[in-house]
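Residues per chain are reported as follows:
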Amino acid sequence: MGNKLKGTKRQSDRAVASPSTKKVKLNDSKSKVAQLESEPDSSSEDLSVSEDDQESASNSGASDDDELDDLDEVEPDEDELDDLNEVEVGDVEEKENATKSVDPNKKTSREQHSEQRKLLSDRKLQRKSGAKVQDIKKLWEKLRVKHPAPTKAQRDKLCDEIWELSHDVINDLVLKHDASRVVQTLIKYSGKERRDKIVDALKGSFYQLATSAYGKYLLIKILHYGSKESREAIVNELHGKLRKLMRHREGAYVVEDLFVLYSTAAQKQQMIREFWGSEYAVFRDSGKGKTVVDIIKESSEKKQLIMQNLYGTIKASVEKGSTGFQILHAAMKEYVSVLVEDIDANDSAIRDFIDLLSEQFAELVHTQEGSEVACCIIALANAKERKGIIKSLKTHRQELIKNEYGNVVLITLFLAVDDTVLTYKSFCSEMFTSEELPPLVQDKFSRRPILYILRGLDGKYFSPNVKQALLKYQDLAYAKTSKKDKVIKRQELFDKSIEPIYKALLDSRESGEFDKLLSVNIGAQFITDLLTIATTNEKVNSKYRPQLLDTIFNKIIKGDILEDYHLLNKIPFMSRSIKALMHGNLFKFDNESKKLIQVEGAGNIPGIGVDFAERAVDEILSNDKLMDWTRGQPAFVLVAAYEVLQLANSKQAKTLQQQLKKEKKNLSKEDKGSNLLLELI
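Keep in mind it's a predicted model, so treat the numbers as computed, not measured.

Asker: Which parts of the structure should I look at to understand helix α33 (residues 521–531)?
Answerer: Quick reminder: α-helices carry 3.6 residues per turn. Residues three or four places apart thus point the same way. Within α33, ten of the eleven residues are buried, which leaves it mostly tucked inside the rest of the structure. When α33 is considered as a whole, its buried residues turn out to be Ile522, Gly523, Ala524, Gln525, Phe526, Ile527, Thr528, Asp529, Leu530 and Leu531. Contact partners of the buried residues in α33: α28 (437–441), α29 (447–455), α31 (486–511), α32 (513–518), α34 (538–556) and α36 (574–583).

Asker: How do you make sense of the layout of surface pockets when you look at a structure like this?
Answerer: It is the rolling of a water-molecule-sized probe over the atoms that shows where space remains empty. Empty space within the second largest pocket amounts to approximately 730 Å³. Lining the second largest pocket are 26 residues, and of these Arg576, Lys579, Ala580, His583 and Phe589 sit closest to its centre. Broken down by secondary-structure element, the contributors of at least two residues to the lining of the second largest pocket are α33, α36, β1 (587–590), α38 (632–647) and α40 (672–680). Residue composition of the lining of the second largest pocket, grouped by class: ten nonpolar, six polar and ten charged.

Asker: Explanation requested: the environment of isoleucine 501 in the structure shown.
Answerer: Along the chain, the position of isoleucine 501 falls in helix α31. Judged by its relative accessible area of 0%, isoleucine 501 falls in the buried class. Along the sequence, isoleucine 501 and methionine 431 sit 70 residues apart, while their C-alpha atoms lie 9.1 Å from each other. Those residues in contact with isoleucine 501 that sit more than four places away from it in its chain are Phe432, Leu437, Ile450, Leu454, Phe526 and Leu530.

Asker: What is the right way to look at unusual backbone geometry in this model?
Answerer: Peptide bonds are trans in most cases, and residues, glycine excluded, mostly fall at negative phi. Note the cis peptide between histidine 147 and proline 148, where omega equals -5 degrees. Mapped onto the elements of the fold, proline 148 is located in the loop between α7 (130–143) and α8 (152–166). Even without being a glycine, asparagine 649 presents a positive backbone phi close to 55 degrees. The topology assignment puts asparagine 649 in the loop between α38 and α39 (651–662). Note on asparagine 649: relative accessible area 70%, which makes it exposed.

Asker: I keep staring at the confidence of the model for the chain and nothing clicks. Help me out?
Answerer: For any part of a model where pLDDT is low, the fine detail of the predicted coordinates should not be relied upon. When pLDDT is averaged along the chain, the result is 82, and 82% of the positions lie at 70 or above. Element-level pLDDT for the chain is lowest in helix α1 (residues 2–17), with a mean of 39, against a maximum mean of 96 in helix α23 (residues 368–380). Across residues 1–100, where pLDDT falls below 50, the model places 31 contacts with residues more than four positions away in sequence or in other chains.

Asker: Please clarify how the UniProt feature "repeat: Pumilio" (unreviewed entry) in the chain should be interpreted in this entry.
Answerer: Taken from the UniProt record, the annotation "repeat: Pumilio" (unreviewed entry) applies to residues 164–200, 201–236 and 237–273. This span, residues 164–200, is 78% helix and 0% strand, and a straight line between its end C-alpha atoms measures 16 Å. In residues 237–273, the share of helix is 73% and the share of strand is 0%. The end C-alpha atoms are 16 Å apart.

Asker: It is not clear to me how α29 should be interpreted in this structure. Could you clarify?
Answerer: Across the nine residues that make up α29, a large majority, eight, are buried. Restricting attention to buried positions, one finds in α29 the residues Arg447, Arg448, Pro449, Ile450, Leu451, Tyr452, Ile453 and Leu454. With its phi angle positive at about 75 degrees, glycine 456 sits one or two positions after the end of α29.

Asker: Is there a simple way to think about the packing of aromatic side chains in this case?
Answerer: When we look at a pair of aromatic rings, we describe it by the centre distance and by the angle of the planes. Tallied over the full model, the rule gives seven aromatic pairs. Centre to centre, the rings of tyrosine 253 and phenylalanine 325 are 5.2 Å apart; their planes meet at 70 degrees, and the pair counts as edge-to-face. Taken together, the positions of tyrosine 253 in helix α16 (residues 251–261) and phenylalanine 325 in the loop between α20 (300–319) and α21 (326–339) put the pair 72 residues apart, joining distant regions of the chain. When its relative accessible area of 11% is taken as the criterion, phenylalanine 325 is described as buried. An angle of 80 degrees between the planes, with centres 5.2 Å apart, marks the rings of tryptophan 276 and tyrosine 280 as edge-to-face. Judged by relative accessible area, which is 2%, tryptophan 276 ranks as buried. The class for tyrosine 280 is buried, based on a relative accessible area of 4%. An aromatic cluster is built from Tyr311, Tyr335 and Phe353, whose rings are joined through pairwise contacts. In this arrangement the basic side chain of lysine 486 is found over the ring face of tyrosine 478, its NZ or CZ atom lying 5.1 Å from the centre. Taking NZ or CZ as reference, arginine 615 lies 4.1 Å from the ring centre of phenylalanine 553, over its face.

Definitions and limits used
Along each chain, the written sequence defines residue order, and numbers are assigned to residues from 1. The predicted origin of the model limits local features to residues at a pLDDT of at least 70 and limits the giving and counting of side-chain atom pairs to 80 or more, whereas totals for whole chains, interfaces and linings rest on all residues. Only hydrogens and water are removed before side-chain values are computed, so all heavy atoms of the structure are retained for them. Three exposure classes are used, based on accessible area relative to the maximum for each residue type with a 1.4 Å probe and protein chains only: buried under 20%, partly exposed in between, and exposed over 50%. Here a strand is any run of E in DSSP of at least two residues, a helix any run of H or I of at least four, and the numbering for each starts at the N terminus. We call two residues contacting when some pair of their heavy atoms lies within 4.5 Å. The way it works is a 1 Å grid over only the protein atoms, where trapped points that fit a 1.4 Å probe form a cavity and open points with protein on both sides within 12 Å along at least five of seven lines form a pocket, and then any residue with an atom within 4 Å of a point lines it. Grid points are joined across faces, edges and corners, and a volume is the space filled by probe spheres set on the points. We call Asp, Glu, Lys and Arg charged. Ala, Val, Leu, Ile, Met, Phe, Trp, Tyr, Cys and Pro are nonpolar, and the rest, Gly among them, are polar. Within a predicted model, pLDDT stands for the predictor's per-residue confidence, ranging from 0 to 100. UniProt positions are given in the numbering used here, feature names are shortened, and annotations may be inferred rather than shown by experiment. Think of it this way: a Phe, Tyr or Trp ring, Trp meaning its six-membered ring, pairs with another when their centres are within 6.5 Å, and the plane angle makes it stacked under 30 degrees, edge-to-face over 60, tilted otherwise. Comment: the charge-over-ring label is applied if NZ (Lys) or CZ (Arg) is within 6 Å of the ring centre and within 35 degrees of the ring normal.

In structure tokens:
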């Protein structure tokens, strides 16, 4: 029997391989299949091969190997291959049809799926509280419908029914994917009393929930909707386990939310102390009221142990991909505060720490603690390490400059890095364009790095806390690495930036971005500050500044002042902006005397100051618009022009005074600006 089957198979293989005989043999096989289909009641003996066929098959089997070898060497042409492919496809389809006809008991796909669903349902029912869970889920399906959402009465009723079924099996629900969502919904829609009961039922299981792929969502829900007592219970139960949770894929997210969103200041300090070591994890009040610097000064042994524990936690979390977590940034801040206490002694640890964070440095800058760590690292890094940091940050340039804390990191780079060409190319060259610059200077955070380049750490733009922190990073940088003079460094950045900034603003006129910039207080202030900064750049002084001044003059002084949409009436800061252009560098308001005074030794900037005041007065008087300018915000502009011209002994001061006297009867004491004009004349 075996030889017969083997011979038949070889014969079939040879038929497929031989193009010349394939069609004949296949036709013969088709006729046999047709014959079999026409005689469904034939016995199995009728389907067997005759003795002559067996003999011929066995005889051919002897030479099968040689024939197959010969066939392997024959390569059929393309036409023959196409014929073979067509025949083979038809052969396969007939075989499939034949299989279906001979296996009438085979189940359909629908029947198989139905059996699988029934098997799965039976397994769920066999679980602990399986039947009850299925009843609970049916009620939950009604509760979570959003279109249309159940009324409050219906929702309360469903919550009561779910609680009645689930209050004694809560622990069986919370770790399952679907059942956990039931308890989450119950937490969301229940009152304080029921929430506290659920928390009491889950006490002792919070760590298990935190490390569960599904349970962590329930724990976060409890933190969000739970009472102060519930949160405190969770914090207390997880105390001592935070370092372990930070290294857990699921648990790290729970610790992060607990730290950032739901902990008090005292609880945050308690959580951070746990990273110092086992002593502080076991004894909750150990080290309370002390900083990590205070602790390490008490004992060198404690210093070594705390640094080792902090670095171990930080390294494990970074390797797990948790670099962006705020609680980790807080732990890094503790570690860095130890490093900066003695830079020389901790040099090796500093190098290792920088190397650990070099590839994920951008993950630090979005939090306050992370920003402080990033600034300290930049200050402590050597020239080569700073290049690596710049390389990792420049791809995040836009996010860096716009972020509340990231812009401080960028300013620290400007303060610390000696290679101003590198910093300019990495961050400024693409920033000073007509598309990017206008939106940046309208934002209170993103404008600060630009203002640093233009004006340094001016207290007008930097709060005392921010300025003090930046000066601390600068001192730290110059303690060991930075060498170039601080003034020269900023001046180099200024010289590279001033022309592109002017050009970007002028180019933005075509797109309308410049008009938008002028219509925002913070944008108008930036333009004014830019125009009142002296520069040695000839192209700026001879071309770009005059063009920018002409644009402002045409929009403000030449415009129809009586219209409500005029910028002097629409933008509160605009009158101060024009006054600043009239004051220039030569005049300033003295708060003690409450008068405008002349600044001694100040250099005159072309186009502003007296020049701008005279130009404005000429325009107003030559077009008989004086009365239009004697009320509201325009009146303050006239006051500023008169004061400047009077101090400069300009002839225009007397002319303006004479014209105002003619209009004295029309000036009103009720209007503040108009009243000031009356006092001047």
